[in-house]
Amino acid sequence: MAGTTPRGRAERRSPGELESEILATLWATERPLTPAEIQSELGDGLAYNTVHTILRRLHDKDLVLRDADGRRGAYRPVKNAAEMTAEAMHRALDRGPDPIAALQQFVTGLSPEEENALRALLGDGGV
């Protein structure tokens, strides 16, 4: 989240940071949230209009759905965090000239726990 500068001014978030924070807030609950609930959850003096604008952008990108049943104006994510991360990884591999080399580099940076999980997934013939 954004903080404040030594002079008390709000720091600007980096591009996409607020979108990520809103998605994380939605992923942390089992139900759709209204912009006001997200604003309250994020705190930090964030304006309601800002939250609503980001939700519209996420909706335009097909990353959230507006809940038509039940509560008015509530939003929920289209995919969970793991699905979105996996898609980003696939896109990154598709962009590079040598996806196998990229995978090799990726695997060398895994923690022992991550490496064991990957070995278990691959040993069982996949997911």
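What counts and how
- Residues numbered from 1 in each chain as written.
- Predicted model: local features only at pLDDT ≥ 70, side-chain atom pairs only at ≥ 80, totals over all residues.
- Heavy atoms only, no water.
- Helix = DSSP H or I, 4+ residues; strand = E, 2+ residues; numbered from the N terminus.
- Contact = heavy atoms within 4.5 Å.
- Buried < 20%, exposed > 50% of the residue type's maximum accessible area, 1.4 Å probe, protein only.
- Salt bridge = Lys/Arg side-chain N within 4 Å of Asp/Glu carboxyl O.
- pLDDT = per-residue confidence, 0-100.
- Axes fitted to C-alpha atoms, helices over the stretch in contact; angles between N-to-C directions.
- Parallel < 35°, antiparallel > 145°, perpendicular 65-115°, else oblique.
- Nonpolar A, V, L, I, M, F, W, Y, C, P; charged D, E, K, R; others polar.
- Left-handed = near helix turned anticlockwise from the far one by under 90°.
- Patch = residues over 30% accessible without salt bridge, like charges linked within 9 Å, V, L, I, M, F, W, Y side chains within 5 Å.
- Areas by Shrake-Rupley, 256 points an atom, 1.4 Å probe, with all protein chains shown as cover.

A. Region of the structure containing the side chain of threonine 25. Here threonine 25 lies in helix α1 (residues 17–27). With residues up to four places along the chain from it excluded, the contact list for threonine 25 reads Leu33, Ile38, Glu41 and Leu42.

B. Fine view of α1. Here α1 has its buried residues at Leu18, Glu19, Glu21, Ile22, Leu23, Thr25 and Leu26. Tucked into the core, α1 has its buried residues touching α2 (35–42), α3 (48–60), β1 (64–67), β2 (74–77) and α4 (81–95).

C. Examining the pattern of salt bridges more closely. Scanning the model with the defined rule gives five salt bridges in all. Arginine 31 is the salt-bridge partner of glutamate 37, the closest N and O atoms lying 3.3 Å from each other. On the basis of relative accessible area, arginine 31 is assigned to the partly exposed category, the value being 40%. Of the charged contacts, one joins arginine 91 and glutamate 87 as a salt bridge, the two residues approaching to 4.0 Å between their closest N and O atoms. Residue arginine 91 and its partner glutamate 87 are located together in helix α4, separated by four residues, close to a single helical turn. Glutamate 87 gets classed as partly exposed once you look at its relative accessible area, which sits at 32%.

D. Representation of the confidence of the model for the chain in the model. In this model, the chain carries an average pLDDT of 87, and 84% of its residues clear a pLDDT of 70 or more. Averaged pLDDT values for the elements of the chain fall to 91 in β1 and rise to 96 in α1.

E. Molecular detail of the packing of α1 against α2. The N-to-C vectors of α1 and α2 enclose an angle of 105°; their axes lie 10 Å apart at closest approach. When the axes of α1 and α2 are compared, the pair comes out roughly perpendicular. Between α1 and α2, the residues in contact are Leu18, Glu21, Ile22, Thr25 and Leu26 and Ile38, Glu41 and Leu42, respectively. Broken down by class, the residue content of the contact of α1 with α2 amounts to five nonpolar, one polar and two charged.

F. Fine view of the packing of α2 against α3. Interaxial distance between α2 and α3 falls to 9 Å at its minimum, and their mutual angle equals 115°. By the angle between their directions, the pair α2 and α3 is classed as roughly perpendicular. Between α2 and α3 lies a crossing whose hand is right-handed. On α3, the residues that touch Pro35, Ala36, Ile38 and Gln39 of α2 are Tyr48, Val51, His52 and Leu55.

G. Spotlight on a nonpolar patch on the surface. A grouping of Met89, Ile100, Leu103, Phe106, Val107, Leu118 and Leu122 is seen on the molecular surface, where their side chains present a nonpolar patch of about 620 Å² in accessible area. Listing elements by their share of the nonpolar patch, those giving two or more residues are α5 (99–108) and α6 (112–123). Looking at the nonpolar patch element by element, the count peaks at four residues for α5. Positionally, valine 107 belongs in helix α5. According to the relative accessible area criterion, valine 107 is partly exposed, its value standing at 35%.

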